[in-house]
Amino acid sequence: MSRILVVDDEKHVLDALTTVFEKSGHEVSAVLTGPLALASYATFKPDLVLLDLLMPGMDGFEVQRRLVEYDPNLPIVVLTGVTDPQTAERAMEEGATAYITKPINWDQVEATIETYLLMNEEPRYPPLSRLERISAVRDPPNFSEDHHAIDGGRVPNRTVERTECRRTCRGQRDIPVS
């Protein structure tokens, strides 16, 4: 499934998050420090980072800044004990995708992670280029009677209007789609 990099200086938090995400089918890399997070990012190539802000040495803000430099589209979810609104605002301004405060609300964490992982998934079928769309309209595929070509694809459970049929199928008879 997806790869999640978890960065927190508390071992028990890392263990709990790792267990939950692995049970959900994700691959997890869990690290205790900022420098280890950057090294893990380079080798693990995560789809999402779950990041604590307050850590000894390199703090979460510095880790986040560097990760955003490497990959501005990488979802970074901050999970921290800091409830101060200015800190949350700063984290979001500097590239965090979401900000969650401890103590951990497991439903919120899982829902947030799943949402951002789904948003970052590449579409199964890449969109057609402009040339492919034009070609699909000029030379529509010939489907059986139980399907009808709309925008170059099959559209089930739809009755097509005659004018729409003329545009897309160049005059083929209307075919109710079952």
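Described below are features of the structure shown in this document.

1. Examining the sheet that holds strand β1 (residues 3-7)
- Taken together, the five strands give an open sheet; going across it, the order is β2-β1-β3-β4-β5, and neighbouring strands pair in parallel fashion. Where the open sheet ends on each side, the last strands, each with one partner, are β2 (27-31) and β5 (98-101). Going across the sheet, the axis of each strand differs from the next one's by a mean of 20°, ignoring polarity.
- The strands touched by helix α4 (residues 85-93) within the sheet are β4 (76-80) and β5, with β5 carrying the most contacts at an inclination of about 150°.

2. Quick look at the side chain of Lys102
- Mapped onto the fold, Lys102 is located in the loop between β5 and α5 (106-120).
- Take Lys102: its relative accessible area is 17%, and that puts it in the buried class.
- Within the structure, Lys102 has its side chain in polar contact with the side chain of Glu10 (distance 3.4 Å).

3. Some points on the environment of Trp106
- Residue placement: Trp106 occurs in helix α5.
- Under the relative-accessibility criterion, Trp106 is labelled partly exposed at 31%.
- Sequence separation of Trp106 and Val20 is 86 residues, and the distance between their C-alpha atoms is 9.0 Å.
- Once residues lying within four places of it in the same chain are set aside, the contact partners of Trp106 are Ala16, Leu17 and Val20.

4. Topic: the pattern of salt bridges
- Counted according to the given criterion, the structure contains nine salt bridges.
- Measuring nitrogen to oxygen at the nearest pair gives 3.4 Å for the salt bridge that ties Glu10 to Lys102. Of this pair, Glu10 sits in the loop between β1 and α1 (11-23) while Lys102 sits in the loop between β5 and α5, and the two are 92 residues apart along the sequence.
- For Glu10, a relative accessible area of 31% puts it in the partly exposed group.
- The closest approach of N and O atoms between Asp52 and Lys102, which form a salt bridge, is 3.8 Å. With Asp52 in the loop between β3 (48-51) and α3 (60-70) and Lys102 in the loop between β5 and α5, the pair connects residues that are 50 residues apart, well separated along the chain.
- Residues joined in a network through salt bridges with shared partners are Asp8, Glu10, Asp52 and Lys102.

5. Examining the side chain of Gln64
- Tracing the chain through its elements places Gln64 in helix α3.
- On the basis of relative accessibility, which here comes to 0%, the residue Gln64 falls in the buried class.
- Side-chain polar atoms of Gln64 contact the backbone oxygen of Glu94, separated by 3.1 Å.
- Ignoring any residue separated from it by four or fewer positions in sequence, one finds Gln64 in contact with Leu51, Ile76, Val78, Ala91, Glu94, Gly95 and Ala96.

6. Topic: the packing of α1 against α5
- Taken N-terminus to C-terminus, the directions of α1 and α5 make an angle of 55°; their axes are 12 Å apart at the nearest point. On the basis of their axis angle, the class for α1 and α5 is oblique. The crossing of α1 and α5 is right-handed. Seen from α1, the contacting residues are Ala16, Leu17, Val20 and Phe21; seen from α5, they are Trp106, Val109, Glu110 and Ile113.
- Residues belonging to the contact of α1 with α5 are distributed by class as follows: seven nonpolar, no polar and one charged.

Calculation notes
- Residues numbered from 1 in each chain as written.
- Predicted model: local features only at pLDDT ≥ 70, side-chain atom pairs only at ≥ 80, totals over all residues.
- Heavy atoms only, no water.
- Pairing = 2+ DSSP bridges.
- Helix = DSSP H or I, 4+ residues; strand = E, 2+ residues; numbered from the N terminus.
- Axes fitted to C-alpha atoms, helices over the stretch in contact; angles between N-to-C directions.
- Contact = heavy atoms within 4.5 Å.
- Buried < 20%, exposed > 50% of the residue type's maximum accessible area, 1.4 Å probe, protein only.
- Polar contact = N/O pair within 3.5 Å; in protein donor to acceptor, adjacent residues only side chain to side chain.
- Salt bridge = Lys/Arg side-chain N within 4 Å of Asp/Glu carboxyl O.
- Parallel < 35°, antiparallel > 145°, perpendicular 65-115°, else oblique.
- Left-handed = near helix turned anticlockwise from the far one by under 90°.
- Nonpolar A, V, L, I, M, F, W, Y, C, P; charged D, E, K, R; others polar.

Shape descriptors only; they carry no functional weight alone.
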